[in-house]
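Working through the structure, step by step
Below are the chains, spelled out letter by letter.
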Amino acid sequence: MSVKKGSPIVDLYAWQLSREIHKGNISAYEVMEAFLDRIDEVNPKVNAIVALRERDELLKEAKAKDGSLSKASGGGWMHGFPQAIKDLEDTKGIKSTNGYLGDAERIPDNDSLLVSNIKKAGAIIIGKTNSPEWGFGSQTYNEVYGATGNPYNPELTAGGSSGGAACAAALNMQAVVDGSDFMGSLRNPAGYCNIFGFRPSWGRVPSLSPDLFYQNCGVKGPMGRTVPDLALLLSTLSGYNPKIPASLEDDVNLKSLTPDNVCEKLQGDVRGLKIAWMGDLDGYLPMEEGVLKVCEEALKKLSKDAGVVVEHVKPFFNPAEFWEKVWLPIRHFAAAALKPLYDDPNKRKLLKPEAVFEYESSLKYSASDLYKAGVLRSELYAATMKIFENYDFIASPTAQVFPFNKTTHWPKEIAGKKMDAYFRWMEVVSHWTMTGCPVAAVPAGFSEDNRPMGLQIAGKPRSDFKLLQFVYGYEKVHEEIINRRSTF
């Protein structure tokens, strides 16, 4: 594909953009101008990109990228890409606030490993994408930057915690974006913004942290408007790192991907593959009216047009016991990292109520509780592996409600059932976090009033590439939904 005169650069997929830059059809300078113009046009309506650097400075870096590409034999596949990074990642010389007022002016001296890998691929870091404070919550708002709106209706939420990133990709302010996921933060915003998200297998994307052993639920990964872009960014972010004990050996399929071959390599025959549809866990999970219908219609089309077998399965674990004895202890345990902020009265008063709730809840669990949680979690994993003996994938919605007003911190009630915690409305994503399986979020469709919803599709452990091939097949079947872009 070549770029025709007058065609918008920002409409290109990331794999297409890379090819055009490397062929010399467009310059990094032109790319930077185009994306900054697009950000100026739509970002004020949604507040997805924050801490944006000065235009003149960025254009100067883009011009330098053009010079280095012409003098060398190549460059990374993201050479010249203007890239905003989720605000939970440290970016050298750029504000990295974690959405926390106490860090509102914090500027790191070093990049995180994820940012370093993106820079090595050739990208220019232009700023950050908005996130809720410390990533707590699937609604992107904070006291530093405010709330992020939805690309289909700026008055609604874009989800979270990677809501700024998902919205930026959906509105073509970014070709491809990074995010992170503990409780659906790559899945929920992808579903709410009608794009693709990918939660990799544990260890696929290495990440440095103070605790390299126990904190194994949060992962980092890509989001974008098409599956080939997910695959390319996942390849960039992934790979074995000896500093990180759980990091996986390189996946040769992922590492062989280039913008020139990615579409061909993702081609696969999906006919006859089987999906176990979990739905609302046989009535256990309250769902807003229409959520299940949208998801089931998407699966019916996949079955009809691609020959995929979809069968409803009943819960193969006790969801109530899982929530109380596995999810809550392990989730709150992760919040123990907030102790230095909580113990300082001046810093504690800057924490949002959800963060305080997370830390205070962590205090009520014993070592025995955590051990029991690990045992039950192991039982969930074993039960999931039994399902995979008969099915290739497991599917469920990416959320229990459609996007809601961005001034609402979290839904207090779903279908008449009260939510007893700020994250209870995202219970549908919690099970797959605990298995360590790769999970793709794909567009499912829209409610009658044009609110997006997604499907999460879990694959077998370490089957990231096979899952990417499957969702690429899904993408081809659902082009009408996927191409339903925002027009504001």
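Below or above, wherever it landed, is the structure these notes cover. Model, not experiment: these values are computed from the prediction. (Residues numbered from 1 in each chain as written. Predicted model: local features only at pLDDT ≥ 70, side-chain atom pairs only at ≥ 80, totals over all residues. Heavy atoms only, no water.)

**Remarks on the sheet that holds strand E1 (residues 49–50)**
Where we set the bar: Pairing between strands is defined by DSSP: at least two bridges between them are needed. By the criteria applied, helices consist of DSSP H or I runs no shorter than four residues and strands consist of E runs no shorter than two, each listed in order from the N terminus. Contacts are residue-level and defined by heavy atoms, with any inter-residue pair within 4.5 Å sufficient. Every axis corresponds to a line fitted to the C-alpha atoms, with the helix fit spanning only the stretch in contact, and the corresponding angles, defined between N-to-C directions, vary from 0 to 180 degrees.
If you trace the 3 strands from one edge of the open sheet to the other, you get E1-E3-E2, paired in mixed fashion. With partners counted over all chains shown, the strands left at the sheet margins are E1 and strand E2 (82–86), one partner each. Across 2 bridges, E1 lies against strand E3 (residues 124–129) in antiparallel orientation. Within E3, the position partnered with Val50 by the bridge is Lys128. The sheet contacts of helix H4 (residues 113–120) involve E2 and E3, and relative to E2 the element is tilted by about 170 degrees.

**Here we look at the nonpolar core**
The condition is simple: Only buried Ala, Val, Leu, Ile, Met, Phe, Trp, Tyr and Cys residues count toward a nonpolar core, and they belong to the same one when joined by side-chain atoms within 4.5 Å. Here's how the labels work: a residue is buried when its accessible area is under 20% of the maximum for its type, exposed when over 50%, partly exposed in between, all with a 1.4 Å probe on protein chains only.
Formed by 123 residues in total, the largest nonpolar core has its most connected members in Leu17 and Phe470. The greatest single-element share of this core, amounting to 8 residues, is contributed by helix H17 (residues 464–477). Aside from chain neighbours lying at most four places away, what touches Leu17 is Ile9, Leu12, Ile26, Val31, Phe35, Phe81 and Ala175. With 30 residues, the next largest nonpolar core counts Ile39, Leu58, Ala165 and Ala169 among its residues.

**Re a nonpolar patch on the surface**
What counts here: Like charges within 9 Å and nonpolar side chains (Val, Leu, Ile, Met, Phe, Trp, Tyr) within 5 Å are joined into patches, using only residues over 30% in relative accessible area that form no salt bridge. Exposure was quantified through the Shrake-Rupley algorithm and a 1.4 Å probe, taking into account, for residues, occlusion by the shown protein chains and nothing else. By definition, a salt bridge exists where a carboxyl oxygen of Asp or Glu is found within 4 Å of a side-chain nitrogen of Lys or Arg.
Nonpolar side chains collect at one region of the surface, where Phe213, Tyr214 and Phe333 lie side by side and expose about 380 Å² of accessible area between them. Take Phe333: it is sitting in helix H11 (residues 319–334). Classification of Phe333 by relative accessible area gives partly exposed; the value is 30%.

**Digging into the pairing of strand E16 (residues 439–446)**
Across a regular strand the side chains alternate sides, sitting on one face of the sheet and then on the other. Across the 8 residues that make up E16, a large majority, 8, are buried. Pairing of strand E9 (residues 196–199) with E16 involves 3 bridges; the strand directions are antiparallel. Its bridge partner lying in E16, Phe198 is registered against Ala440. A loop of 5 residues connects E16 with strand E17 (residues 452–458), the two strands running antiparallel in sequence, and Asn450 in this loop sits at a positive phi of about 70 degrees.

**Topic: the sheet that holds E16**
The pairing of strands in a sheet comes from backbone hydrogen bonds and takes either a parallel or an antiparallel form. An order of E8-E10-E9-E16-E17-E13-E11-E12 is seen for the 8 strands of this open sheet, with the pairing classed as mixed. The sheet terminates laterally at strand E8 (176–181) and strand E12 (309–312), the two strands that pair on one side only. Each strand of the sheet is rotated relative to its neighbour by a mean of 30 degrees, with strand direction disregarded. The pairing of E16 with E17 spans 7 bridges and is classified as antiparallel. Residue pairing across strands places Val442 opposite Leu455, the latter belonging to E17.

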